[in-house]
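Analysis of the macromolecular model
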Amino acid sequence: MLILTDKPVRVRFAPSPTGYLHIGSARTTLLTWLFARHSNGKFILRIEDTDQKRFVQDALDKLMQDIRWLGLEWDEGPDVGGPYGPYIQSERLELYQKWAHWLVEQGKAYKCFATEEELARAREISQKTRGGRIAGYERIYRFISDEERAKLEKERGSYVIRFAMPLEGETVAHDRIRGDVVFKNEELSDMVLLKSDGFPTYHLAVVIDDHFMQISHVTRTEEWLPSLALHHNLYEAFGWDEPEWVHMPVVLNPNGKGKMSKRNPPMVDGKIVPVMVNDYREAGYLPEALINFLTNVGYSFGDDQEIFNVQDTITRFDIDRVSPASAAFNFQKLVWTNGVYIRELTDEDLADRLVPFLQKAYGNVDRAKLVKIAPHIRERVNPLSEAVALLKFMFNFEPCPNDKLIQKNMDAAGTRNVLHLSYERLATLTDFSHEVQATVMEPLVEQLGLKKAQVYGTLRMATTAQQVSPPLFETMEVLGKDESLARIQAAEAQLNGA
RNA sequence: GCCCCCAUCGUCUAGUGGACUAGGACGCGGCCCUUUCAAGGCCAAAACAGGGGUUCGAAUCCCCUUGGGGGCACCA
């Protein structure tokens, strides 16, 4: 692909601080960040808080926390500063106001005094008389005389500033991954640039900030494509060099119907698929797995490799390989990817990552024990929060009732017998390793003429009270001889009492 | 409704006019392994939306249709 700009790469992620980070935003942020890192450019975080009505306390902190958790560090931003600050739009109001009025002076924008009612009426008339077309209905104050304008300003006081779009011809903007995008000017509206409260709209703020922050490439999702004509014309009106446009595909629901949305959470296998990055962290998805997975939503390296680390991803990333087509969120593949990463963790690392989940559920946890059990649960905890249920027997053991103790095709007497004989054999061991346990237990199974599932199932229920647990002998080894035998004995006693 | 974007297995995708009897991965199905649950191994099913062109030759280029997505605010 031909290089359209030789300016140093400076790209930004510009969220509106309304809550946690959306998984779709995370994907867009990731691709933007990869582009910056690959190009040795700058990745900038800018906060677009120009809607006072949507202000959410704490949202900024949550947002930054989520982005950092993913490992997408920014070079310039609200907390780290930088040469083009401030990086919060509400702190840049004067700039927007100055340039909005400059456009008015140049005759490229105008003050609009329309009330909501006037606008509604104009829209209605436009719809009726123009074959359903509503573009342009808002131009009621575009062509009035200077005298009228002065009069209205005196009478009404408040106004918005609208951009005067070209009325005929075409607007053509070039997108890096879509090529030329053509708009018929007669279809376009005069959008509001400066609201009556003096705050800019997104359209004005984004163009001014991107210009003054020297943004080289505007990366955002497809949702913004319809306003590309406006932004393109704004650059022209200001007489500024246009950045390169890069409109990325959106992330759709797992079923491909509609954007991922937390308001209508997608379902897979009857379960809700998390939409916010924060939910993935709390469920126990590894950030590196999320990054790996997200890289392949709407992007691919072109080979058959599925697992790659961040460093390789940065090195090999090529923005021209971003697909123009929207992509469904393949939740099952994310789960699989997460499993791959979990299995690659060392015992220590896995234990460390497990601690917060177990601590939350059971209070203080013994890390040394976790390290010991780690190899036996590695392929059984995906996401990590599943460890809470799987390891309950270690941290909050509650003996199981007799009916659970008694296995398929067995009765109380048989079960008691299994427990008793197992106890006797295991009690003789000085080495309680799982290998040695097997050497005494396998012959017992044969001697009893029972199935392994029956004998081991009985012991599993006795020692863990769980239908599902790590492998039995390994589990008893970690539990220790004393504790294991005590539980077996207690189970037998419980059965005797019945 | 109008405007914009998009179109290969169920899903993510490879593919940039001949190497395509279309490759990989997830998922699904089967078999194996197995003390539960996983993990793992092997095998299989599964797609170029349709129609016109262009070309010696089209999954690849063009047009139309259809389908999907996005947008139509003093929200971003």
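Attention here is on the structure that accompanies the text. By convention here, each chain's residues receive numbers from 1 onward along its written sequence. Chains carry letters and ligands carry numbers; both start at the beginning, A for chains and 1 for ligands, and go up in the order they are written. In keeping with the predicted nature of the model, local features appear solely for residues at pLDDT of at least 70, side-chain atom pairs appear and are counted solely at 80 or more, and the whole-chain, interface and lining totals rest on all residues. Derived side-chain values reflect all non-hydrogen atoms in the structure, with water molecules and hydrogen atoms excluded from consideration.

Remarks on the protein's contact with RNA strand B
To be near a molecule or strand, a residue needs just one of its heavy atoms within 4 Å of it. The full set close to RNA strand B counts 63 residues, and Arg 178, Asn 296, Gly 298, Glu 379 and Arg 380 are the nearest of them. The sugar-phosphate backbone supplies 72% of the atoms of RNA strand B found within 4 Å of the protein. Between Thr 50 and RNA strand B, the recorded distance is 2.7 Å, taken from a side-chain N or O atom to a phosphate oxygen. Side-chain atoms alone can form a polar contact between residues adjacent in sequence; in general such a contact is a pair of N or O atoms within 3.5 Å, and within protein one must be able to donate a hydrogen while the other accepts it. A distance of 2.4 Å is found between a sugar or linking oxygen of RNA strand B and a side-chain nitrogen or oxygen belonging to Arg 178. Counting residues per element, the ones that place at least two in the surface near RNA strand B are strand S4 (160–163), strand S6 (179–184), strand S13 (327–328), helix H11 (331–343), helix H19 (452–464) and helix H20 (472–479). Residue polarity follows a fixed list, in which Ala, Val, Leu, Ile, Met, Phe, Trp, Tyr, Cys and Pro are nonpolar, Asp, Glu, Lys and Arg are charged, and the others, Gly among them, are polar. Residues belonging to the surface near RNA strand B are distributed by class as follows: 26 nonpolar, 15 polar and 22 charged. In DSSP terms, a helix is any run of H or I states spanning at least four residues, a strand is any run of E spanning at least two, and both are numbered starting from the N terminus.

Regarding the pairing of strand S5 (residues 170–175)
The two faces of S5 differ: Thr 171, Ala 173 and Asp 175 on one face are buried, but Glu 170, Val 172 and His 174 on the other face are not. A pair of strands is labelled paired if DSSP reports no fewer than 2 bridges between them. Where S5 lies against S6, six bridges are found, and the strand directions are antiparallel. Paired with Thr 171 across the strands is Phe 183, a residue of S6. Any residue under 20% of the maximum accessible area for its type is buried, any over 50% is exposed, and the rest in between are partly exposed; the area is computed with a 1.4 Å probe on protein chains only.

Let's talk about the nonpolar core
Here, nonpolar core means buried Ala, Val, Leu, Ile, Met, Phe, Trp, Tyr and Cys residues that are tied together by side-chain atoms lying within 4.5 Å of each other. Residues Tyr 280 and Phe 329 are the most contacted members of the largest nonpolar core, which totals 51 residues. Elements with a minimum of two residues in this core: strand S1 (10–13), helix H1 (23–38), strand S2 (42–45), helix H2 (59–69), strand S9 (244–248), helix H8 (277–283), helix H9 (287–295) and H11. Counting residues per element, this core draws most heavily on H1, at eight residues. Once residues lying within four places of it in the same chain are set aside, the contact partners of Phe 329 are Ile 23, Val 251, Leu 252, Asn 253, Pro 254, Met 260, Val 273, Tyr 280, Phe 293, Leu 294 and Leu 334. Judged by nonpolar contacts, the second largest core, of 47 residues, contains Leu 103, Val 160, Tyr 235 and Phe 238. Residue contacts are defined here by distance: any two heavy atoms, one from each residue, within 4.5 Å place the two residues in contact.

Regarding the side chain of Glu 244
On the secondary structure map, Glu 244 appears in strand S9. Side chain to side chain, Glu 244 and Arg 176 meet in a polar contact 3.2 Å long.

Notes on the pattern of salt bridges
Just to be clear on terms, a salt bridge is a Lys or Arg side-chain nitrogen sitting within 4 Å of an Asp or Glu carboxyl oxygen. Under the defined criterion, the tally for this structure stands at 31 salt bridges. Linking Glu 48 and Arg 46 is a salt bridge whose minimum nitrogen-to-oxygen distance equals 2.9 Å. A single burial state applies to Glu 48 and to Arg 46, both of which are buried. Notably, a salt bridge pairs Glu 124 with Lys 128, separated by 3.3 Å at the nearest N-O pair. Pair noted here: Glu 124 and Lys 128 are both in helix H4 (residues 116–129), with a separation of four residues, about one helical turn. Bridged by salt links that share partners, the residues Arg 12, Arg 46, Glu 48, Arg 92, Asp 209 and Asp 210 form one connected network.

Description of H4
An α-helical segment advances 3.6 residues per turn. Residues three or four places apart therefore align on the same side. Under the 1.5 Å per step criterion, the end-to-end length of H4 is 20 Å for 14 residues, consistent within 8% with the ideal 20 Å. For H4, the set of buried residues is Glu 118, Leu 119, Ala 122 and Ser 126. The arc that holds the buried residues of H4, viewed along the axis, is 95°, so those residues lie on one side. Of the exposed residues in H4, the ones pointing more than 90 degrees away from its buried face are Glu 116, Glu 117, Arg 121 and Lys 128. Looking at the packing, one finds that the buried side of H4 touches helix H5 (146–156) and S4. Taken from the residues just after H4, Gly 131 is the one with a positive phi, measuring 60°. How far a helix is expected to stretch is found by multiplying one less than its residue total by 1.5 Å. The arc under discussion is defined with respect to the helix axis, by the directions toward the C-beta atoms.

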